[in-house]
Amino acid sequence: MANTNETYAARIQRKLMKKQYLVEVATGRRKADLVLKNASYVNVFSNELCHGDIAVAKGQIVGMGDYAGEVEYDVSGKIVCPGFIDAHIHLESSLVSPREFVRAVLPHGTTTVITDPHEITNVMGTDGIDYMLQATEGLPIDVRFMLPSCVPATPLDESGANLDYRAIDSFYDHARVQGLAEMMNYVGVVGGDKEVIAKIVAAQAHHKKIDGHAPGLSGKALAAYIAAGVYSDHECSDMDDAMAKLRNGQFIMIRDGTAAHNLEALVDLLRQPYYDRCMFCTDDKHPSDLLEKGHIDYLIRKAIHYGIDPIVAVKTACHNPARYFALNNRGAIAPGYLADFAIIDNFDDFNVEMVFRKGMLTCSNGAVHDFEAPRIEDYLVERAHDTFHVAHLTAEDFHDARPRGVIGLVPGEIVSTDAGYASAIDPENDILKIAVVERHKNTHHIGIGYLKGYGLKRGAVATSISHDSHNIIVVGANEEDMAFAANRIVENRGGITVVENGTVLGELVLQIAGLMSEDSLVEVNDQLEAAKERAFELGVSRGIDPFMTLSFMSLPVIPALRLTTRGVIDVIKQQYI
């Protein structure tokens, strides 16, 4: 007991000394570590622009008014915003390492992201969570975690692991874990599935948040889903769906990423009396979007363009998600809050010029200050680079004369339609063969179906990014090229490939769990865009993303039809057709 008391006493003493220092600076008796002079700053409490110096000590804001600092920056004519927060993202979807992702989003004013590592966890099990926790430790952006709730997404899928609530329970004790990530298996929740609901109960026992994923759910089914303990949703694509969920008490994450663009349809949520229940998220962000459009700053800029009050747009990007996730020391510029700042030129252009994290300048005029890569255990690195266990495939593996379901693409959406049945490839009528190859445990399970609306005329396209189990998904105009493309993915230990007549036309290697590249964002984007162009040359419709479109065709929680390693399924009925 004495040692415990001594440790506690020492900790109290350290905190006391820090607090006394903060008080000394706040009162003006000591110089601040940092002062932003002549600032116009967003006050999220009074919904106005305020003016004055912003004083920082020990990484915290201690006061606004008239201050002197050891380091001073004159920000006259600029606007200081709280650092931006992405309320829901999968870092793996950037296709680069977490360190490279941070380098990409820092220039856009992002200082906190809430990530769900369910992509890599579906491949590596709990080792995937450990990998991402270690790969994000100490980065100049605070990466917080929601634990994957659906590994695999449903019992009809095959992933690299099958995790119940016991498997993830110990992770709730980690300081950067905020709760349970998107509960995609809403069918299981509404049906009262014991194993599914146990995950919600366990998260609540740890006093954590539970995020939702329930596109189109309504009526009593929606009531049951929310009553089970799901607090938010990021899958709303129209106002009717969003209002139904908001009226039932859920928080709405307005998503605008690479795969789904919902901001325009939901922009009226950013007006009174609804905006306090909303926050921004990107969900999935590909390299081209990060390079050309930006991150959360892009959503703010877009909202302002649609006529939303700039102060409200900024609050939605920082204060609202901070409150939702109980990150009580960020999301505002006020005494006691972390000194996370995004300094912009003006609300009209909304160009981020400087970024501070805990009072340290991390980025200026797009140039990121260098930082070290986190140390990842050798075991996890080796494990992440050895995730393919697939026997050599031949064209015969993709032959199947029986009628199979046809998945119909919907332009601009990730939902699909039931387009009937087909029994043969017919490129002239846009009927292509699509297959999902199990890649985790060498089961040789291959689900076969047909795809309409993709447009491919020749060759094949394959990727190891196939949500959420990340088996190999391949679509082709002939079985020979399909087999070649799938084998190439295995040979590269993951990635994307475009082939014709047994020749690789374009590809991107994703050697980290078959999901992320070790190259820079710019290099990955160059390779990805070149591969896209090769796919378009083979006939893929230019109105779709050749690879992202494919990646969602195996996600068995998005209606109407999807393809898993065992065949085409009806998502609503959760049964094979």
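Parameters at a glance
- Residues numbered from 1 in each chain as written.
- Predicted model: local features only at pLDDT ≥ 70, side-chain atom pairs only at ≥ 80, totals over all residues.
- Heavy atoms only, no water.
- Helix = DSSP H or I, 4+ residues; strand = E, 2+ residues; numbered from the N terminus.
- Rg over C-alpha atoms; globule rule 2.2 N^0.38 Å.
- Buried < 20%, exposed > 50% of the residue type's maximum accessible area, 1.4 Å probe, protein only.
- Contact = heavy atoms within 4.5 Å.
- Areas by Shrake-Rupley, 256 points an atom, 1.4 Å probe, with all protein chains shown as cover.
- Lys, Arg positive; Asp, Glu negative; His and termini not counted.
- Charge placed at Lys NZ, Arg CZ, Asp CG, Glu CD.
- Phe/Tyr/Trp six-rings, centres within 6.5 Å; stacked < 30°, edge-to-face > 60°.
- Lys NZ or Arg CZ within 6 Å of the ring centre and 35° of its normal.
- UniProt positions renumbered as here; feature names shortened; annotations may be inferred.
- Polar contact = N/O pair within 3.5 Å; in protein donor to acceptor, adjacent residues only side chain to side chain.
- Pairing = 2+ DSSP bridges.
- Axes fitted to C-alpha atoms, helices over the stretch in contact; angles between N-to-C directions.
- Salt bridge = Lys/Arg side-chain N within 4 Å of Asp/Glu carboxyl O.

Things to note about the overall build of the chain
Then, number 1: Within the chain, the regular secondary structure consists of 18 helices and 28 strands.
Then, number 2: Its C-alpha atoms give the chain a radius of gyration of 25 Å, within 12% of the compact-globule value 25 Å for 577 residues.
Then, number 3: Seen along its three principal axes, the alpha-carbon backbone of the chain occupies a region of about 85 × 55 × 50 Å.
Then, number 4: Here the chain, with 577 residues, has 62% of them falling under the buried criterion.
Then, number 5: When contacts within the chain are restricted to residue pairs at least 6 apart in sequence, long-range pairs at least 24 apart make up 68% of them.
Then, number 6: When the accessible area of the chain is evaluated, it comes to approximately 21400 Å², of which 49% is carbon and sulfur surface.
Then, number 7: Placing the 53 positive and 78 negative side-chain charges of the chain at their respective mean positions leaves the two points 6 Å apart.

Considerations on the packing of aromatic side chains
The relative placement of two aromatic rings is captured by the distance of their centres and the angle of their planes.
Then, number 1: In the structure shown here, the tally under the stated rule is seven aromatic pairs.
Then, number 2: Geometrically, the ring pair formed by F347 and F350 is stacked, given 6.5 Å between the ring centres and 20° between the ring planes. In this structure, F347 and F350 share a single accessibility class: buried.
Then, number 3: Among the aromatic residues, ring-to-ring pairing joins Y73, F341 and F356 into one connected group.
Then, number 4: Here the basic side chain of R99 rests over the ring of F371, its NZ or CZ set 4.9 Å away from the ring centre.
Then, number 5: The ring of Y231 carries the charged tip of K209 above its face, separated from the ring centre by 5.2 Å.

Side note on the UniProt feature "domain: Adenine deaminase C-terminal" (unreviewed entry) in the chain
Then, number 1: UniProt's feature table lists "domain: Adenine deaminase C-terminal" (unreviewed entry) at residues 423-574, given in the numbering used throughout.
Then, number 2: Taken end to end, residues 423-574 comprises 24% helix and 29% strand; its first and last C-alpha atoms sit 23 Å apart.

Some details on the UniProt feature "domain: Amidohydrolase-related" (unreviewed entry) in the chain
Then, number 1: Sequence positions flagged by UniProt for "domain: Amidohydrolase-related" (unreviewed entry) are, in local numbering, residues 79-359.
Then, number 2: Secondary structure within residues 79-359 divides into 35% helix and 19% strand; the distance between the first and last C-alpha atoms comes to 16 Å.

Regarding the environment of S46
Then, number 1: The residue S46 is located in the loop between β1 (32-43) and β2 (48-57) in this model.
Then, number 2: C-alpha of S46 to C-alpha of I311: the two residues are 265 residues apart in sequence and 9.8 Å apart in space.
Then, number 3: A polar side-chain atom of S46 sits 2.8 Å from a polar atom in the side chain of E48.

Regarding the sheet that holds strand β18 (residues 404-409)
Then, number 1: Pairing in this open sheet of eight strands is mixed, and the strands run β19-β18-β21-β20-β23-β22-β24-β25 from one edge to the other. Every interior strand has two partners, whereas the edge strands, β19 (416-422) and β25 (503-509), have only one. Strand-to-strand twist across the sheet, computed as the mean angle between neighbouring axes with direction ignored, equals 25°.
Then, number 2: Bridge count for β18 against β19 is five bridges, and the pairing is antiparallel. Across the sheet, G405 pairs through a bridge with Y421, a residue of β19.
Then, number 3: Contacts from helix α17 (residues 521-537) reach β22 (460-463), β24 (495-500) and β25 within the one sheet, and its direction differs from that of β25 by about 145°.

Considerations on helix α2 (residues 98-105)
Then, number 1: Most of α2 is tucked away: six of the eight residues are buried.
Then, number 2: Within α2 the residues assigned to the buried category are P98, E100, F101, V102, A104 and V105.
Then, number 3: Contact partners of the buried residues in α2: β6 (84-89), β7 (110-115), α4 (126-135), α11 (287-292) and α17.

Focus on the side chain of E100
Then, number 1: Here E100 lies in helix α2.
Then, number 2: Of the side chains with opposite charge, R103 comes closest to the buried, unpaired E100, at an N-O distance of 4.3 Å.

Some points on helix α9 (residues 239-247)
Then, number 1: Every buried residue of α9 is listed here: D241, A242, M243, K245 and L246.
Then, number 2: For α9, the secondary structure elements touched by its buried residues are α8 (219-227), β11 (232-233), β12 (251-255) and α10 (263-266).
Then, number 3: Two or three places before D240, at the opening of α9, D238 has a side-chain oxygen 3.2 Å from that residue's backbone nitrogen.
Then, number 4: Remark: G249 follows α9 within two positions and exhibits a positive phi of approximately 100°.

So, the pattern of salt bridges
Then, number 1: Tallying each qualifying case throughout the model produces 32 salt bridges.
Then, number 2: The salt bridge partner of K37 is D53, with a shortest N-O separation of 2.8 Å. Residue K37 is located in strand β1, and its partner D53 is located in strand β2; the two are separated by 16 residues in the primary sequence. Each member of the pair, K37 as well as D53, carries the same accessibility label: buried.
Then, number 3: Two residues, R166 and D164, come together in a salt bridge whose shortest N-O distance is 2.8 Å.
Then, number 4: For R166, a relative accessible area of 51% gives the class exposed.

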